[in-house]
Amino acid sequence: MHDQSVIKVGIVGLGTVGSGTFNILSRNADAIFLKTGKRIRVSHIGARRDNPNVNIADSSFADEVKVSRDIFDVVKDDELDIVVELIGGTDVAKEIVTYALKSGKHVVTANKALIALHGNELFALAKANGVVLAFEAAVAGGIPIIKVLAEGLSANRISWLAGIINGTGNFILTEMKNKGRDFDSVLKEAQALGYAEADPTFDVEGIDAAHKLSILASLAFSVPINFSQVFTEGITEITQEDLQFADSFGYKIKHLGIARRTEKGIEARVHPTLVPNANLLTKVDGVMNAVMVKGDAVGSTLYYGAGAGAEATGSAVCADIIDIARGDVGSKEIAFGKKQNFISIDEIRCAYYLRLDVQDQAGGLASISKVLSKQNISIEGLYQQEAPEEDTVVPVVIITQRVEEKAMNQAIKKIEALDCTQGKAKKIRIEHFKS
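Keep in mind it's a predicted model, so treat the numbers as computed, not measured.

### Digging into the packing of aromatic side chains
For the structure on display, the rule yields five aromatic pairs. Relative to Tyr383, the ring of Phe245 lies with its centre 5.6 Å away and its plane at 55°, an arrangement referred to as tilted. Pair noted here: Phe245 is in helix α11 (residues 240–248) and Tyr383 is in strand β14 (residues 379–384), with a separation of 138 residues, a long-range link. The exposure class of Phe245 is buried, given its relative accessible area of 9%. The class of Tyr383 is partly exposed, set by a relative accessible area of 34%. One Lys or Arg, Arg39, reaches over the ring of Phe33 and ends 4.2 Å from the middle of that ring.

### Regarding the nonpolar core
Where a protein is soluble and globular, its nonpolar side chains tend to be buried together. Among the nonpolar cores identified, the biggest contains 53 residues, and Ile145 and Val293 are the most heavily contacted of them. Among the elements of the structure, α3 (72–75), α4 (91–102), α5 (112–128), α6 (145–152), β7 (158–164), α10 (207–221), β10 (266–276) and β11 (288–295) are those that each provide at least two residues to this core. Residue contributions to this core peak at nine residues, all from α10. With near-sequence residues (within four places) excluded, Ile145 lies in contact with Glu136, Val139, Ala140, Leu216, Val291, Val293 and Tyr303. Ile32, Ala47, Val65 and Ile82 belong to the second largest nonpolar core, which has 30 residues in total.

### Re the pairing of strand β13 (residues 349–359)
Summarising burial for β13: nine of the eleven residues are buried, a large majority. Pairing of β13 with strand β16 (residues 403–404) involves two bridges; the strand directions are antiparallel. When the bridges of β16 are listed, Cys350 appears paired with Val403. Sheet topology note: the β13/strand β17 (residues 421–430) ladder contains seven bridges and is antiparallel. Directly across from Arg355, in β17, lies its bridge partner Lys426. In this structure, β13 lies alongside strand β15 (residues 393–400), joined through seven bridges in antiparallel fashion. Bridge pairing links Asp357 to Pro395 in β15.

### Let's talk about the packing of α6 against α10
Two numbers describe how α6 lies on α10: the axes approach to 9 Å, and their chain directions differ by 15°. Taken together, the axes of α6 and α10 are roughly parallel relative to one another. When the axes of α6 and α10 are compared, the crossing they make is left-handed. Across from Ile145, Ile146, Leu149 and Ala150 in α6, the residues of α10 making contact are Ile215, Leu216, Leu219 and Ala220. For the contact of α6 with α10, the per-class residue count stands at eight nonpolar, no polar and no charged.

Thresholds, definitions, all that
Residues numbered from 1 in each chain as written. Predicted model: local features only at pLDDT ≥ 70, side-chain atom pairs only at ≥ 80, totals over all residues. Heavy atoms only, no water. Phe/Tyr/Trp six-rings, centres within 6.5 Å; stacked < 30°, edge-to-face > 60°. Helix = DSSP H or I, 4+ residues; strand = E, 2+ residues; numbered from the N terminus. Buried < 20%, exposed > 50% of the residue type's maximum accessible area, 1.4 Å probe, protein only. Lys NZ or Arg CZ within 6 Å of the ring centre and 35° of its normal. Core = buried A, V, L, I, M, F, W, Y, C linked by side-chain atoms within 4.5 Å. Contact = heavy atoms within 4.5 Å. Pairing = 2+ DSSP bridges. Axes fitted to C-alpha atoms, helices over the stretch in contact; angles between N-to-C directions. Parallel < 35°, antiparallel > 145°, perpendicular 65-115°, else oblique. Left-handed = near helix turned anticlockwise from the far one by under 90°. Nonpolar A, V, L, I, M, F, W, Y, C, P; charged D, E, K, R; others polar.

And the structure:
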């Protein structure tokens, strides 16, 4: 056994987050010692290639750190107390984490896809082996939202949470709104800046946010992680027209992850959402993240900060390492209660924004209103743009009151079949987060 006052850490993956984690642990080694009474030492790194942002020779670990090009050499190192998995993906990452847990090593990960898809199995494995699987960095980067839900708000019955939990999508919508740019041009800039991958599907289609939301919902409602039940819709269909019309009604469009406890069961959904300008989430721009949580005791609370980046996410990784070094591991054990029903998107209730192309003719709006009335859908606001002389089709925007999505979809189908409308209706959900 090595010196118990020293915690030996192995890092698997020396990319963006791995480099941030290494640099923080080295730079702040003395400050961390004062908080833990332990020396946390990176003694083994598994990296297929060097990272120019890490200077091992100048680090506080220079005399003892070993670098292996075979990343599995790290998890096989019997001297390690903690393995930090930062390679991403799910296949190899799952092998690494499984091996480490079975070997009696604590694991810290920033891998939201791994936790969302295999977390239930891996948490059970960690418990069976008397070790910790920690994952603060898996959601919202440097914002300690996992600890908030697991510890800070643990006495509360959480009724809902809503968050901007993907910085890429938020950057795109911010640029489109503030600078009048189109989706494709902003996406190209996001890729050039490193905010979006060459294949941006996970970000712009909401899959990344859905991974994170499944984890947050599990913590908030004490249920097993259930990624397959998260409804997911991306931002690729949002246009300048939608952003401007939303603004004229006093809203901004944000790509949100929303989880809510209802009488029917749990809602878990990711989609573009109109949010009133007075709500703090509308002030969250660029690549920043934020999560609002409503608890019965504390009321509504907001957590804001950098959702990605080397040192922001590395900060969350280091926080988990420090907790394990202290023996403070309560927040790393998800407490599952009774299995609860997740309701389908058809069963949710919210208000809606509808944008229609309507023939500029007498009786058109009356026909649309009649369809909505028959579905018991009340109109909160309506805007009809004046048609240019050469055009007989005008955009009509309708804001509805709250209604079940199934009824809204039935009404839209009937509206699209009217002689006065052309093409498909655009539907975007509206949330006020009052309860």
